[in-house]
Amino acid sequence: MTPTHHRIFIALALCICLIAGRAAAAETAPHGFRYRTFVDADKKSYPYVIFIPHKLDPGSRPPVILFLHGSGERGDNGLDQIMVGLGTGLWKQRATFPFVAVFPQCATDGRWFADGADAKRALMILKQAQDEFHTDPDRVYLTGLSMGGTGTWSLAAAHPGMFAAIVPMCAPPDPELAQKFAAARLPIWNFCGDKDQVETVTFCRLMHKALTKAGAHDRYTEYPGVGHNCWDDAYGTPELFTWLLDQARSQNH
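What this report covers is the structure whose coordinates are included nearby. (Residues numbered from 1 in each chain as written. Predicted model: local features only at pLDDT ≥ 70, side-chain atom pairs only at ≥ 80, totals over all residues. Heavy atoms only, no water.)

## Notes on the sheet that holds strand 7 (residues 188-193)
The strand order across the open sheet built from eight strands is 1-2-4-3-5-6-7-8, with neighbouring strands paired in mixed fashion. The open sheet is flanked by strand 1 (32-39) and strand 8 (218-223), the only strands paired with a single partner. Each strand of the sheet is rotated relative to its neighbour by a mean of 20 degrees, with strand direction disregarded. The pairing of strand 7 with strand 8 spans six bridges and is parallel. Note on strand 8: the bridge partner recorded for C192 is E222. Helix 4 (residues 147-158) rests against strand 3 (64-68), strand 5 (140-145), strand 6 (165-169) and strand 7 of the sheet, and its axis sits at about 145 degrees to strand 5. In the packing of helix 8 (residues 238-245) onto the sheet, contacts are made with strand 3, strand 5, strand 6, strand 7 and strand 8, and the angle to strand 6 comes to roughly 150 degrees. (Pairing = 2+ DSSP bridges. Helix = DSSP H or I, 4+ residues; strand = E, 2+ residues; numbered from the N terminus. Axes fitted to C-alpha atoms, helices over the stretch in contact; angles between N-to-C directions. Contact = heavy atoms within 4.5 Å.)

What follows is the structure, encoded as structure tokens:
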């Protein structure tokens, strides 16, 4: 099976899982990918997807991770955002994945900038999921790829104390923010392919140097021979999720 066919297979499996989740909405202990709806102050509805761990014990407080997708998954069907990135990486380890994962969808003409409507709504959707599943407030994580990687940098800069750690991918950061992240003691693991756009690779390297110089809690992985799609490798790395679980907001102070 080629990588493209494998991704198509996973996408179809995710769709089937979501359809089954709709049919089983009343089950006592749901798990896997599930549809949810966020209704804003103007009574407008926005569909999104959550992943509920298969091993979620009653009374437990699971960690939660917010995923921001790239520009190609924008829209309003509430589905495309799980077809690329964390959704497909998660699918491969779904039986043991310990996080509640939250997948909002950006509007067709939207962006994930922290001061924009889509990012603000994403944080409200995160809050809705936190309330529903009583997640651990000490273990809240943020990740995103491409446009979502830019959003990850933006939201972390605007709310450096909100997350236990962030994982941006294939997005050019602003090295001038390094001191701010270091002062917040925010753990960062950034990913990029060395064959990505020159600007992206250059600024990822500059940010790594700036974070290191500032004394930040920083990791940087650059995949040789990889273009823009570094996320299949990154989200396929078990060490990433082990590392995330070792980070906690209370340790960042």
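## Observations regarding the side chain of D136
Relative to the assigned elements, D136 resides in the loop between helix 3 (117-133) and strand 5. Accessibility expressed as a relative area gives 17% for D136, which makes it buried. Among the polar contacts listed, one links the side chain of D136 to the backbone nitrogen of D138, at a separation of 2.9 Å. Separated by 3.0 Å, the side chains of D136 and R139 make a polar contact. When residues no more than four places from it in sequence are discounted, the contact partners of D136 are R61 and P62. (Buried < 20%, exposed > 50% of the residue type's maximum accessible area, 1.4 Å probe, protein only. Polar contact = N/O pair within 3.5 Å; in protein donor to acceptor, adjacent residues only side chain to side chain.)

## Section: the environment of F51
In this fold, F51 is placed in strand 2 (residues 45-52). A relative accessible area of 0% places F51 in the buried class. Once the C-alpha coordinates of F51 and F33 are considered, the two residues, 18 residues apart in sequence, prove to be 4.3 Å apart.

## Observations concerning the pairing of strand 4 (residues 100-103)
Two faces make up the sheet, and in a regular strand the side chains alternate between them. The alternating pattern of strand 4 places V100 and V102 on one face and A101 and F103 on the opposite face, and all of these are buried. Where strand 2 meets strand 4, three bridges bridge the pair, whose relative direction is antiparallel. Bridge pairing links V49 to F103 in strand 4. Note that strand 3 and strand 4 share three bridges and pair parallel. Bridge pairing in strand 4 places L66 opposite V102.

## Description of helix 4
Taking 1.5 Å per residue as the helical rise, helix 4 with its 12 residues ought to reach 16 Å, and the 16 Å between its terminal C-alpha atoms agrees with that figure. By the criterion of burial, helix 4 is predominantly enclosed, with 10 of the 12 residues buried. The set of residues buried in helix 4 consists of M147, G148, G149, G151, T152, W153, S154, L155, A156 and A157. (Expected span 1.5 Å × (residues − 1).)

Worth remembering: the numbers are spatial, not functional.
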